[in-house]
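Fold and geometry: a report
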Amino acid sequence: MKAFGELTKGIIKENPIFVMALGLCPTLAVSTSVNNAIGMGAAATFVLIGSNIVISLIKNFIPSKVRIPAYIVIIASFVTVVDMVMEAYAASLHKSLGLFIPLIVVNCIILGRAEAFASKNSVGSSILDGIGMGIGFSLALIVIATIREIIGTGKFYGMQILPCSYQPAICAILPPGAFFTIGILMALFNKWVAKKS
Amino acid sequence: MNDVVKMGLVLLIITLIASCVLAVIYQKTAPIIAKNKQLEEEKARKSVLPEADHFQEITEQKIIGQDTVHTILYYKGLDKHNRLVGYTFRCEKYGYSSNVQTMVGIDTLFNIIAIKVISQQETPGLGANCATSEFAEKFQHKTPENIMVDKDGGDIESITGATITTRAVTNSIKEKFIDIKERLIEK
Amino acid sequence: MEIAKLFSIIIASIFINNFVLAKFLGLCPYIGVSKKLDSAIGMGMAVIFVMTMASTITWLVYNYLLNPSTSIFGLDLTFLRTIAFILTIATLVQFVEMVIQKTAPALYKALGIFLPLITTNCAVLGVSILNINEGYNFLETIINGFSAGVGFTLVLILMAGIRERLELADIPESLKGLPISFIVAGCMALAFLGFSGLKI
């Protein structure tokens, strides 16, 4: 039961984007299409799980004064691995995510989980925490991307789903659309939470 | 003092291990990345000059200071019997929000066979439409003299809401095309 | 020609490709530190300073240590770019903090609490990587770092001005706090989109 809790808390109760408002930059920047959102979600989840494992393994060897630089080096290494592997095997995805792959390093979610969770817990629960947070992040990304892609292009995952007569509201995939979408989603999320309690 | 040494040592070890791991992965992936890029270029060249079977690189040597710099000018497209069927070249210009790169295929009489936008990060839904085949078709059978955007008095119809992108593609092709035509006629 | 290019870099990174509103970099401090005008100004100044310094130093690191064709080692170490840059920025921020604390206590009082936050500001790492990707030379890099910081500060201060007034506005319960801030940011992004047709 406890393990299940570690896994699911990241998805709704402590959702990194809607509840904690962490890691906003990549969320808004790459959510122009569902394809990008899945790629980014997968990359960030991999880095989260990897850095959580390594950090919880070596947490006892790191003097607490240099822990932040040490975490950053570990996270940056995983990010570089993702960057290189993605460029080699998924070149077009790598191109459309562009700058935001190296910027996973400064994604507050990852350093935040390293500091708040992996540095205090066992490897097993750190892995679960990483998976849960990764899924929460990816899901939020996919939700935002779905809304923006459908309104902005009339497509979902690259397939036309609205009738061709629909005039796409291009604004939704431009920067302002990202801000509006996340603002409205957060308001709905707040309302839903308020109603539940 | 002892503490400082220990902290430095721990950081150093972590960084060293990380660098070694990355170096190994870099060596594994770098050739794949380079090969992918090459394949992609080759594919783009084939798509704008489908008659060609293989391509031959034509470079220009320039002496800048003490270094000799080789720049690729264009590719000769040759068919299976090594007969010349046309040329391909690559051109680029800054559009609305990104550098737009286009691959162009021309026949031996200097008419455009096809073009393909190979790299762009323009506005989705507007400028990004320059990568569609409908836009590329507008350039078919054009000669360097009559490539011009409609707003500048030519007959390349601009993409709705993206005149700047259209102009970038059109002008980049025109400039390079004229340059290459002159070089080829000189020969 | 040179001056014209520098000028176009300045206008482009302040208005057209504004870091926050067009590139989505530095959103966390943009949302987090824009509640009060005073702190927005302090954060803005600290960011301009660190961004200019970081652009300069990471450019030197990349070109003299990592890039195989220009480095003093002649080795291809470009794969270490992300690690090298983030460590450089973290060290730089620490160093700047210490220097300011010793030499200018008044300035430290004003900027001090914002400096540690800047290490994880993706705008700083973002501008460093962009300088390399765009192939800027040394002078262009410094100018780009500085004007990107100015662009960030501009929208941060505008946002803080709006949010101070929002506190007093009558808005629905569930929109209070972050959601309304994002919607305001959306309106600002819409306004800044007007700059993007600008031809220099």
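A brief structural summary. Computed from a predicted model, the values in this text were never measured in an experiment.

When you go through chain A residue by residue, the secondary structure sums to eight helices and two strands. Reading the secondary structure of chain A in the N-to-C direction produces α-α-α-α-α-α-α-β-β-α. The C-alpha radius of gyration of chain A comes to 18 Å, within 12% of the 16 Å expected for a compact globule of 197 residues. Dimensions of chain A, computed from the C-alpha atoms along their principal axes, are close to 60 × 50 × 25 Å. Taking all 197 residues of chain A together, the buried fraction comes to 55%. By element, 71% of the accessible surface of chain A is carried by carbon and sulfur atoms, the whole surface being about 8000 Å². For chain A, the separation between the mean place of its 14 positive charges and that of its 7 negative charges on side chains is 8 Å.

Residue and element names in this part refer to chain B. With respect to the helices, strands and loops of the structure, G105 is situated in strand β4 (residues 99–107). When the C-alpha positions of G105 and L78 are compared, they lie 12 Å apart, and in sequence the two are 27 residues distant. Setting aside anything within four residues of it in sequence, one finds G105 in contact with V48, Y87, T88, N111, I112, I113 and A114.

With that out of the way, let us pick up the pattern of salt bridges. Tallied over the full model, the rule gives 13 salt bridges over all chains. The partner of A:E87 in a salt bridge is B:K37, with the nearest N and O atoms 3.7 Å apart. Here A:E87, found in helix α4 (residues 67–89), pairs with B:K37, found in helix α1 (residues 2–48), and the two come from separate chains. The exposure class of A:E87 is partly exposed, given its relative accessible area of 23%. For the salt bridge of B:E42 with B:R45, the shortest nitrogen-to-oxygen distance reads 3.1 Å.

Before going further, it helps to spend a moment on the interface of chain C and chain B. With eight residues of chain C at the interface, the matching set in chain B holds eight residues. Approximately 770 Å² of surface area, both sides summed, lies buried where chain C meets chain B, with 66% of it carried by carbon and sulfur atoms. For the pair chain C and chain B, the number of links is one residue pair in polar contact (both at pLDDT 80 or more). Among the residues making up the side of chain C that touches chain B, the classes are represented as three nonpolar, four polar and one charged.

For the structure shown, the criterion picks out eleven aromatic pairs over all chains. Consider the rings of B:F135 and B:F139, whose centres lie 5.4 Å apart with planes at 80°: the pair is edge-to-face. Taking the relative accessible area as the measure of exposure, B:F139 reaches 0% and is therefore buried. One aromatic cluster is present, built from ring pairs that chain together C:F15, C:F192 and C:F195. In this arrangement the basic side chain of B:R45 is found over the ring face of B:F55, its NZ or CZ atom lying 5.5 Å from the centre. Sitting over the ring of B:Y75, B:R45 keeps its end group 3.9 Å from the ring centre.

For the rest of this paragraph, the subject is empty space enclosed by the protein. With the rule as written, the count across this model stands at two cavities of 30 Å³ or more. Space inside the largest cavity adds up to approximately 50 Å³. Taken together, A:G23, A:C25, A:P26, A:L103, A:V106, A:N107, A:C108, C:C28 and C:C122 make up the lining of the largest cavity. Class assignment for the residues of the lining of the largest cavity results in seven nonpolar, two polar and no charged. Approximately 30 Å³ is the volume attributed to the second largest cavity. Lining the second largest cavity we find A:I72, A:I75, A:V105, A:V106, A:L111, C:I86 and C:T120. Among the residues making up the lining of the second largest cavity, the classes are represented as six nonpolar, one polar and no charged.

Here we take up the interface of chain C and chain A. Interfaces are often sized by the accessible area lost when the parts come together. Listed per partner, the contact involves 35 residues of chain C and 34 residues of chain A. The interface formed by chain C and chain A contains zero salt bridges. Joining chain C to chain A, the criterion identifies one residue pair in polar contact (both at pLDDT 80 or more). Put simply, the parts of the chain that give the side of chain C that touches chain A at least two residues each are α2 (27–32), α4 (81–103), α7 (122–133) and α9 (178–193) of chain C. With ten residues, α9(C) is the single largest residue contributor to the side of chain C that touches chain A. Looking at the side of chain C that touches chain A, its residues break down into 25 nonpolar, seven polar and three charged.

As a further point, take the nonpolar core. Nonpolar side chains tend to gather and get buried jointly when the protein is soluble and globular. Core analysis: the biggest nonpolar cluster contains 119 residues, and A:F179, C:L21, C:L27, C:Y30 and C:L125 have the highest contact counts within it. Ignoring any residue separated from it by four or fewer positions in sequence, one finds C:L27 in contact with A:L24, A:C25, A:L28, A:F179 and C:V20.

What follows is about the state of the cysteines. Tallied over the full model, the rule gives zero disulfides over all chains. Free cysteine A:C25: the closest other cysteine sulfur is in C:C122, separated by 3.0 Å. We classify A:C25 as buried; its relative accessible area is 4%.

Moving on, we get to the packing of helix α8 (residues 175–196) of chain A against α9(C). For the pair α8(A) and α9(C), the least separation of the axes is 7 Å and the interaxial angle reads 170°. Classified by the angle between their axes, α8(A) and α9(C) sit roughly antiparallel to one another. Both α8(A) and α9(C) take part in a crossing whose hand is left-handed. Residue-level inspection shows A:P175, A:P176, A:F179, A:F180, A:I182, A:G183, A:I184, A:M186, A:A187 and A:N190 of α8(A) in contact with α9(C), the latter providing C:L178, C:P179, C:F182, C:I183, C:A185, C:G186, C:C187, C:A189, C:L190 and C:L193. Here the contact of α8(A) with α9(C) is built from residues that sort into 17 nonpolar, three polar and no charged.

Residue and element names in this part refer to chain B. The terminal C-alpha atoms of α1, which comprises 47 residues, lie 67 Å apart, in line with the 69 Å expected from a rise of 1.5 Å per residue. Remark: the principal bend of α1, roughly 30°, maps to T29, with a proline, P31, within the next four residues. Among the residues making up α1, those that are buried are M7, V10, I14, A18, S19, L22, T29, I33, A44, R45 and V48.

Rules of the game
- Residues numbered from 1 in each chain as written.
- Chains lettered and ligands numbered in written order.
- Predicted model: local features only at pLDDT ≥ 70, side-chain atom pairs only at ≥ 80, totals over all residues.
- Heavy atoms only, no water.
- Helix = DSSP H or I, 4+ residues; strand = E, 2+ residues; numbered from the N terminus.
- Rg over C-alpha atoms; globule rule 2.2 N^0.38 Å.
- Buried < 20%, exposed > 50% of the residue type's maximum accessible area, 1.4 Å probe, protein only.
- Areas by Shrake-Rupley, 256 points an atom, 1.4 Å probe, with all protein chains shown as cover.
- Lys, Arg positive; Asp, Glu negative; His and termini not counted.
- Charge placed at Lys NZ, Arg CZ, Asp CG, Glu CD.
- Contact = heavy atoms within 4.5 Å.
- Salt bridge = Lys/Arg side-chain N within 4 Å of Asp/Glu carboxyl O.
- Buried area = accessible area lost by both parts, 1.4 Å probe.
- Polar contact = N/O pair within 3.5 Å; in protein donor to acceptor, adjacent residues only side chain to side chain.
- Nonpolar A, V, L, I, M, F, W, Y, C, P; charged D, E, K, R; others polar.
- Phe/Tyr/Trp six-rings, centres within 6.5 Å; stacked < 30°, edge-to-face > 60°.
- Lys NZ or Arg CZ within 6 Å of the ring centre and 35° of its normal.
- 1 Å grid on protein atoms, 1.4 Å probe; cavity = no way out; pocket = protein on both sides within 12 Å on 5 of 7 lines; lining within 4 Å.
- Points joined across faces, edges and corners; volume = space filled by probe spheres on them.
- Core = buried A, V, L, I, M, F, W, Y, C linked by side-chain atoms within 4.5 Å.
- Disulfide = S-S within 2.5 Å.
- Axes fitted to C-alpha atoms, helices over the stretch in contact; angles between N-to-C directions.
- Parallel < 35°, antiparallel > 145°, perpendicular 65-115°, else oblique.
- Left-handed = near helix turned anticlockwise from the far one by under 90°.
- Expected span 1.5 Å × (residues − 1).
- Bend = angle between axes of the 7 residues up to and from the residue.

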